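Observations on the model geometry
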Amino acid sequence: MFRKILIANRGEIALRVQRACREMGIASVAVHSTADADAMHVRLADESVCIGPPAARDSYLNMPAILSAAHITGADAIHPGYGFLSENASFAEITEAHGIAFIGPSPAHITMMGDKIAAKDAMRRLGVPLVPGSEGALPSLAAAAEVAETIGYPVLIKAAAGGGGRGMKVAHTADELAEAWQVARTEAKAAFGNDAVYMEKYLDRPRHIEMQVLADGYGDVVHFGERDCSLQRRHQKLLEEAGSPALSAAQRDALGETVTQALRGLGYRNAGTLEFLYQDGQFAFIEMNTRLQVEHPVTEMVCNVDLVREQIRIAYGEPLGYDQSSVKFEGHAIEIRVTAEDPDTFIPNPGLISHYHPPGGLGVRVDSALYAGYRVPSYYDSMIAKLIVHAPDRPQAIARMRRAIEEFAIIGVKTTLPLHRRILDDPTFQAGDYTIHWLERFVAQEA
């Protein structure tokens, strides 16, 4: 097994990987910016290396500095976590060229799935259902208009290299298409350095369903069920559930079979998540994430699996050692993302944590790097904690989450905990009858 793993990330996900390493008897190396010198992931690592100033481009995205830290400390593997360099094929390739294992998929698969058009082409060939739309990048506005007339309005223009809702615009009519086309390309160029866009039919009431998989590179692929990530604001997830209140076990099994067959066909290795829109009983593939997801804990709770441990085992070359029949789904899990933001305006609110008391008790998990006296920096994503609960069924999971939120004390910065409390109290959420557009309307009604 690996002797030492460098974790090319920060915050709660760096701690999450550290914990897996410690349980496996593997030493861990934390890298950090000057702004994170007192961060918990630095305090708890076996070794730490400063890799640059606060700006992410000079530290957590600084490939030469990270690779130098790996060589200096003698790390024989790098875990990228999520975000930053986790889906950077060049980083994976350079890491392996330096004789250091990259704990993730192959650079070729990262490249393929990082391009939304290439990913859809691959899934089309493998028999995975897609949202109706263009078969590739749209070369011109005229081509976009032709596809839109074929599939019908409204349509969604999306950046080929996109993510996080950037480079994504809706056109409800032909008159709106030109502006949506131009704005999406401009945003895509600014955000990703690539103005290629494609088109999909805009679904008016879909759910966002994703399927977690592990593949060992030897032909064995298993899925760990679905997560419902439909509660989103501006295409950013706020709350996730496993499993989805909209799906039956039979639907999960059918989707899982489709997904695992596709990844066998690709020869995929390590963890991955395939994302779908679900409406009127039909699934449509939208993209694949070639990394660990923020919301992976709900899957871990329902399936009793350590996904990070499995990532490390696979990267070392070990086979899965089990098949689909070994994966059991028990109970229901919910995760909320707690951010240092005003719960009404969503304006970031970094600052000093004067008091911190996480909830506990049966079926409660908190993934966070906070502590009393820690100053939440303004340079990075505003998520400061993930609160996860597990219970025998969904009503009990909701009740447990409500109780856990009441216990959760974070004083010194504003957080979105009050918003999550209101969501959990809403009858529509309690009934599980929501789509990806529900939260936007819910927030607007409260304003």
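Remember, predicted model here, so these are calculated numbers, not experimental data. (Residues numbered from 1 in each chain as written. Predicted model: local features only at pLDDT ≥ 70, side-chain atom pairs only at ≥ 80, totals over all residues. Heavy atoms only, no water.)

Let's talk about the overall build of the chain
Helix and strand counts for the chain come out as 15 helices and 20 strands. Taking the principal axes of the C-alpha coordinates as reference, the chain spans close to 60 × 50 × 45 Å. By the burial criterion, 57% of the 447 residues in the chain qualify as buried. Put simply, of all contacts in the chain between residues at least 6 apart along the chain, 66% involve residues at least 24 apart. Carbon together with sulfur atoms contributes 50% to the accessible area of the chain, which is approximately 17600 Å² in total. Put simply, the chain has 43 plus and 56 minus side-chain charges, and the middle of one group is 3 Å from the middle of the other. (Helix = DSSP H or I, 4+ residues; strand = E, 2+ residues; numbered from the N terminus. Buried < 20%, exposed > 50% of the residue type's maximum accessible area, 1.4 Å probe, protein only. Contact = heavy atoms within 4.5 Å. Areas by Shrake-Rupley, 256 points an atom, 1.4 Å probe, with all protein chains shown as cover. Lys, Arg positive; Asp, Glu negative; His and termini not counted. Charge placed at Lys NZ, Arg CZ, Asp CG, Glu CD.)

What about the pattern of salt bridges?
For the structure on display, the rule yields 33 salt bridges. For Glu240, the salt bridge is made with Arg337, and the minimal N-O distance between the two is 2.8 Å. Pair noted here: Glu240 is in strand β11 (residues 236-242) and Arg337 is in strand β14 (residues 332-339), with a separation of 97 residues, a long-range link. Here Glu240 matches Arg337 in class, with each residue buried. Residues participating in the shared-partner salt-bridge network are Glu210, Arg227, Lys237, Glu240, Glu275, Glu295 and Arg337. (Salt bridge = Lys/Arg side-chain N within 4 Å of Asp/Glu carboxyl O.)

Thoughts on the side chain of His437
Inspection of the secondary structure puts His437 in the loop between α14 (427-430) and α15 (438-446). Among the residues examined, His437 registers a relative accessible area of 15% and is labelled buried. A distance of 3.4 Å separates the side chain of His437 from the backbone oxygen of Asp204, its partner in a polar contact. His437 has contacts with Tyr202, Leu203, Asp204, Arg205 and Pro206, leaving out every residue within four places of it along the chain. (Polar contact = N/O pair within 3.5 Å; in protein donor to acceptor, adjacent residues only side chain to side chain.)

Digging into the nonpolar core
It is characteristic of soluble globular proteins that their nonpolar side chains tend to be buried jointly. Counting 44 residues, the largest nonpolar core has Leu387, Phe408, Ile410 and Phe429 as its most contacted members. Sequence-distant contacts of Leu387, that is, excluding residues within four places in its chain, are made with Ile334, Glu335, Ile336, Pro359, Val364, Arg365, Val366, Met401, Ala404, Ile405 and Phe408. By size, the runner-up hydrophobic cluster in this structure holds 35 residues, among which are Val17, Tyr82, Ile103 and Ala315. (Core = buried A, V, L, I, M, F, W, Y, C linked by side-chain atoms within 4.5 Å.)

Points about the packing of aromatic side chains
Here the structure, examined in full by the defined rule, presents 13 aromatic pairs. Between Trp438 and Phe442, the ring centres sit 4.9 Å apart and the planes meet at 20 degrees, which makes this aromatic pair stacked. With Trp438 and Phe442 both in helix α15 and four residues apart, the pair spans about one turn of that helix. Across the pair, Phe442 and Trp438 agree in class, each one buried. Counting every residue linked through ring pairs, the aromatic cluster contains Tyr60, Phe84, Tyr379 and Tyr380. Here the guanidinium or amino end of Arg394 rests over the ring plane of Phe429, the centre of that ring lying 4.8 Å away. (Phe/Tyr/Trp six-rings, centres within 6.5 Å; stacked < 30°, edge-to-face > 60°. Lys NZ or Arg CZ within 6 Å of the ring centre and 35° of its normal.)

Details of the environment of Ala404
By secondary structure assignment, the location of Ala404 is in helix α12 (residues 394-407). Classification of Ala404 as buried rests on a relative accessible area of 0%. In the structure, Ala404 is positioned 39 residues away from Arg365 in sequence and 9.5 Å away in space, judged by C-alpha atoms. Residues within four places of Ala404 in sequence aside, it is in contact with Pro359, Val364, Leu387 and Val389.

A closer look at the packing of helix α5 (residues 107-114) against helix α6 (residues 116-125)
Relative to each other, α5 and α6 sit at 100 degrees, their axes nearing to 5 Å. Compared by their axis directions, α5 and α6 come out roughly perpendicular. Here Met112, Met113 and Gly114 of α5 lie close against α6, whose contacting residues are Lys116, Ala118, Ala119, Ala122 and Met123. Looking at the contact of α5 with α6 residue by residue, the classes come out as six nonpolar, one polar and one charged. (Axes fitted to C-alpha atoms, helices over the stretch in contact; angles between N-to-C directions. Parallel < 35°, antiparallel > 145°, perpendicular 65-115°, else oblique. Nonpolar A, V, L, I, M, F, W, Y, C, P; charged D, E, K, R; others polar.)

Describing the packing of helix α1 (residues 11-23) against helix α11 (residues 307-316)
Direction vectors running N to C along α1 and α11 enclose 65 degrees, while the axes themselves pass 9 Å from each other. Between α1 and α11 the crossing geometry is right-handed. Contacts between α1 and α11 pair Arg16, Val17, Ala20, Cys21 and Glu23 from the former with Leu307, Val308, Arg309 and Ile312 from the latter. Residues of the contact of α1 with α11, tallied by class, amount to six nonpolar, no polar and three charged. (Left-handed = near helix turned anticlockwise from the far one by under 90°.)

Comments concerning the sheet that holds β11
Taken together, eight strands build an open sheet; the order of strands is β13-β12-β9-β10-β11-β14-β19-β17 and the sheet is antiparallel. The open sheet is flanked by β13 (282-289) and β17 (364-368), the only strands paired with a single partner. In this sheet, adjacent strand axes meet at a mean angle of 25 degrees when their direction is disregarded. In this structure, β14 lies alongside strand β19 (residues 383-391), joined through eight bridges in antiparallel fashion. (Pairing = 2+ DSSP bridges.)

Notes on the sheet that holds strand β2 (residues 27-33)
Reading across from one edge, β3-β2-β1-β4-β5 is the order of the five strands in this open sheet, with parallel pairing throughout. Looking at which strands have only one partner, the edges of the open sheet turn out to be β3 (47-52) and β5 (101-102). Sheet analysis places strand β4 (residues 77-79) next to β5, joined by two bridges and oriented parallel. Across the sheet, the residue bridging to Ala77 is Ala101, located in β5.

Notes on helix α13 (residues 417-425)
Counting along an α-helix, one turn takes 3.6 residues, and residues three or four places apart therefore face a common direction. Within α13 the residues assigned to the buried category are Leu417, Leu419, His420, Ile423 and Leu424. Taken down its axis, α13 places every buried residue within 155 degrees of arc, on the same side. (Arc of directions from axis to C-beta.)

Quick look at the pairing of strand β12 (residues 269-279)
Burial of β12 is extensive: 10 of the 11 residues sit out of reach of the surface. Strand direction decides the pairing type here: strand β9 (residues 207-216) and β12, joined by 10 bridges, are antiparallel. Residue pairing across strands places Gln212 opposite Thr273, the latter belonging to β12. Pairing geometry for β12 and β13, over seven bridges, is antiparallel. Counterpart to Gln279 in the pairing with β13 is Gln282. In this structure, the hairpin formed by β12 and β13 is closed by a connection of two residues, where Asp280 is found at a positive phi of approximately 55 degrees.

Keep in mind these numbers describe shape, not what the thing actually does.
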